[in-house]
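Below are the chains, spelled out letter by letter.
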Amino acid sequence: MPLRTTSILAGIVLLSGAAPAFALDPTGDWRVADGVANIRVAQCNGSMWGVVAWEKESGGRDTNNPDASKRNRPTLGMPILLDMKRKPGAERWEGQVYNAKDGQTYSSTITPADANHLEIQGCVLGFLCGGETWTRVAPPIPSSPVNSMAKEGIAKSSAPKGQTNSAAAPASAPKTTGTAGAATPPAGQKQAALRPSDPVGDICLLPDLARFAH
């Protein structure tokens, strides 16, 4: 093979390998594996947080919380994913997950498997690990006014060409949807504004998250 042809082919390979892969956005509303709740995940002050945004059976209370003062708080709007930090060089966030079934908090990771599935892994002191897969029911969430990225005006370009980039939305963008069963909008379609029936809204403004306490 002529040297020039070899050089051209090598250049094509290098350029193909250098093309950046689009990052998957873990924000949005996700249906848990057993279908009893949706968890809304949003970036607040540089960390990922998740709260209960919808319940199959309403009126739940955090009765197993080790803090007696919180045992009467509603499970709707309750923080589940706590202060998840992105692991450098990986599409994974690490932090804690609160399990209302036993009132315990575990080390946890969240990893987008693809655009519509989120892998949740939780461990107790590094062992007794278990996990499940959540399914997307509402699109990625625009930056909140209390999001540090929104304050700095940083636009993260992670959406495929032609698709609205939720992370690049201005601080004045509408709050999230979160209606159970909502589908991811087609490419190029903007996210709908917050619906009046949504009882949770922007999770970054909830008291438990605003003071980063659980």
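The structure we're discussing is the one just above.
So, here is what we can say about the structure in this document. Each chain carries its own residue numbering, running from 1 in the written order of its sequence. Local features in this predicted model are restricted to residues whose pLDDT is 70 or higher, and side-chain atom pairs enter the listing and the counts only when it is 80 or higher, whereas totals over whole chains, interfaces and linings include all residues. Just so you know, side-chain values use all the structure's heavy atoms and leave hydrogens and water out.

Once that is clear, we can look at the overall build of the chain. When helices and strands are tallied, the chain shows three helices and eight strands. For the chain, the N- to C-terminal ordering of α and β elements is α-β-β-β-β-β-β-β-β-α-α. Per-residue burial over the chain gives 38% buried out of 214 residues. Only heavy atoms matter for contacts: two residues are in contact if any of them lie within 4.5 Å across the pair. Counted over contacts in the chain with a minimum sequence separation of 6, partners at least 24 positions apart contribute 51%. Runs of E in the DSSP output that reach at least two residues are strands. Runs of H or I that reach at least four are helices, and both are numbered from the N terminus. For every residue, the accessible area (1.4 Å probe, protein chains only) is compared with the maximum for its type, and the residue is labelled buried under 20%, exposed over 50%, or partly exposed between those bounds.

Ring pairs are drawn from Phe, Tyr and Trp, using the six-membered ring of Trp, whenever the two centres fall within 6.5 Å, and their geometry is named by plane angle: stacked under 30 degrees, edge-to-face over 60, tilted for the rest. Evaluated as defined, the whole model comprises zero aromatic pairs. Above the plane of the ring of Tyr98 lies Arg73, whose end atom (NZ or CZ) is 5.9 Å from the centre. Each ring is checked for a lysine NZ or an arginine CZ that lies within 6 Å of its centre and within 35 degrees of its normal; such an atom marks a charge sitting over the ring.

This part is about unusual backbone geometry. At Asn45, a residue that is not glycine, the phi angle is positive and equals roughly 55°. Turning to its location among the elements, Asn45 is positioned in the loop between strand E2 (37-44) and strand E3 (47-55). Look at Asp83: it is not a glycine, yet its phi comes out positive at around 50°. Structurally, the position occupied by Asp83 is in strand E4 (residues 79-86).

Right, let's talk about the layout of surface pockets for a bit. Cavity: a set of points on a 1 Å grid over the protein atoms alone where a 1.4 Å probe fits but cannot get out. Pocket: an open set with protein on both sides within 12 Å along at least five of seven lines, its lining residues, like those of a cavity, having an atom within 4 Å of a point. Grid points are joined across faces, edges and corners, and a volume is the space filled by probe spheres set on the points. Of the volumes computed, that of the largest pocket is approximately 870 Å³. What lines the largest pocket is a set of 33 residues, among which Val32, Tyr98, Asn99, Ala100 and Lys101 lie closest to the centre. Broken down by secondary-structure element, the contributors of at least two residues to the lining of the largest pocket are E2, E3, strand E5 (93-99), strand E6 (104-114), strand E7 (117-124) and strand E8 (127-138). At six residues, E8 tops the list of elements feeding residues into the lining of the largest pocket.

Here we come to the environment of Cys129. Examined against the element boundaries, Cys129 turns out to sit in strand E8. Given the relative accessible area of 42%, Cys129 is considered partly exposed. Considering only alpha carbons, one finds Cys129 and Ser107, 22 residues apart in sequence, at a separation of 9.3 Å.

Purely spatial values, then, with no claim about function.
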